[in-house]
Amino acid sequence: MRVLLVGAGGVGGAITRIAARRPFFEAMVVADYDPDRSGAAVAALGGDTRFTAEQVDAGDERAVAGLLERHRCDVLLNATDPRFVMPLFRAARAAGATYLDMAMSLSRPHPERPYEACGVKLGDEQFAQAADWEKEGLLALVGMGVEPGLSDVFARHAADELFDEIEEIGIRDGANLTVDGYDFAPSFSIWTTIEECLNPPVVYESGRGWFTTEPFSEPEVFDFPEGIGPVECVNVEHEEVLLVPRWVGARRVTFKYGLGREFVETLKTLHLLGLDRTAPVTVPGPDGPVAVSPRDVVAACLPDPATLGERMHGKTCAGTWVRGVKDGEPREVYLYHVLDNQWSMAEYGSQAVVWQTAVNPVVALELLATGAWSGTGVLGPEAFPARPFLDLLTEYGSPWGMREQ
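Residues numbered from 1 in each chain as written. Predicted model: local features only at pLDDT ≥ 70, side-chain atom pairs only at ≥ 80, totals over all residues. Heavy atoms only, no water.

Concerning the overall build of the protein
Part 1: Across its full length, the protein carries 14 helices and 20 strands.
Part 2: Taken against the 2.2 N^0.38 rule, which gives 22 Å for 405 residues, the C-alpha radius of gyration of the protein at 20 Å falls within 12% of a compact globule.
Part 3: For the protein, the spread of C-alpha atoms along the three principal axes comes to 60 × 50 × 45 Å.
Part 4: For the protein, the residues scored as buried account for 57% of the 405 residues in total.
Part 5: Taking the intrachain contacts of the protein between residues at least 6 apart in sequence as the baseline, contacts between residues at least 24 apart amount to 70%.
Part 6: A total of about 16400 Å² of accessible surface is found on the protein, and carbon and sulfur atoms cover 49% of it.
Part 7: Once the 34 positive and 60 negative side-chain charges of the protein are each reduced to a mean point, those two points are 2 Å apart. (Helix = DSSP H or I, 4+ residues; strand = E, 2+ residues; numbered from the N terminus. Rg over C-alpha atoms; globule rule 2.2 N^0.38 Å. Buried < 20%, exposed > 50% of the residue type's maximum accessible area, 1.4 Å probe, protein only. Contact = heavy atoms within 4.5 Å. Areas by Shrake-Rupley, 256 points an atom, 1.4 Å probe, with all protein chains shown as cover. Lys, Arg positive; Asp, Glu negative; His and termini not counted. Charge placed at Lys NZ, Arg CZ, Asp CG, Glu CD.)

Overview of the packing of aromatic side chains
Part 1: One pass over the structure, following the stated rule, counts 18 aromatic pairs.
Part 2: Ring centres of Trp-373 and Phe-389 lie 5.6 Å apart, and the angle between their planes is 25 degrees; this geometry places the pair in the stacked category. Separated by 16 residues along the polypeptide, Trp-373 in the loop between α13 (352–370) and β19 (377–379) and Phe-389 in helix α14 (residues 386–395) bring together distant segments of the chain. Across this residue pair, the class does not change: Trp-373 and Phe-389 are buried. (Phe/Tyr/Trp six-rings, centres within 6.5 Å; stacked < 30°, edge-to-face > 60°.)

Brief notes about the packing of helix α7 (residues 150–162) against helix α9 (residues 239–247)
Part 1: Remark: α7 packs on α9, axes separated minimally by 10 Å, with the N-to-C direction vectors making an angle of 30 degrees. Compared by their axis directions, α7 and α9 come out roughly parallel. Judged by the sense of rotation from one axis to the other, the crossing of α7 with α9 is right-handed. Across from Ser-151, Asp-152 and Ala-155 in α7, the residues of α9 making contact are Glu-240, Leu-243 and Val-244.
Part 2: Here the residues of the contact of α7 with α9 are counted per class, giving three nonpolar, one polar and two charged. (Axes fitted to C-alpha atoms, helices over the stretch in contact; angles between N-to-C directions. Parallel < 35°, antiparallel > 145°, perpendicular 65-115°, else oblique. Left-handed = near helix turned anticlockwise from the far one by under 90°. Nonpolar A, V, L, I, M, F, W, Y, C, P; charged D, E, K, R; others polar.)

Below, the structure is given as structure tokens:
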């Protein structure tokens, strides 16, 4: 297997460190718009000759396809933000390569009823091309991070081995992470965080299908394992709600994020001021008017999440809560993956949130390389057997857990 990794930020850098310990691939080309960043990611690996640094604009489909062909890469792994999903998705198909991402094509709210009905849903643009990918014998494995990704694998595992009928699947994400020296320092891309938290959340119900609610709706307190404890969680737009019902039977599917009241209020303020917008606004500059995106300004004013590991303390938990029936009896479980920032920093030099995201596409790549996973078309993690993934994740030194509720 020869891999083109596009994006050498926090998650991309963690991917290289995790993959460097595994023998399943022949080469990994690490490409970024900033050549210093891709070069630094490769240099940090201590001379592993399987890794090569390149410069590429993720929005330039022809350049990306050319890079795939020049390096004879048969897989494109997308570690950029969701703005670049579609150009990279199309470039992989043009080059005849397998495609993996960790976040799907962007949504657009319903123009008249944004908090009732879906407009363009997450992943719609990708699924619209599924028949073409299948016809060409190509695979696009979408949403293969931690959430979405591992959370979807947990849903498939629950359906295959733990339940006869599933009433509800709810992704529940929470943490007790703190960052020294910052009152507000998101542990993941603020661009992506704003996108998923301020868009109308999507809920799925059988018989009704997908529909939307107000942002931060249906608050609940969820007790997270391994010392994290109770965290208030709210509905947030996320890919799992769009992916799980396509392959797993459940009467209801939700995603709730443990943001905390202060974080929610900050996001609401950004929205109130228009600082969540992506469309450029014109501001004065030293050489005349300059067009800038308010959201890009917010991102530039905050610390890079990849640099926060030394200041960060605590654990993060990604998991899937499932309620249903097994052998005629009601059952409720929480399948989860907890990561301690102290462990990920000591073992890999990566902060917990980016490492927890990064390990899952590497596990998926290894399963594809060995043939344990295979398929054609545009497929989510639920389309594949869960047990090989969960066993290999444990082999990577990061076991998952299950709690009977």
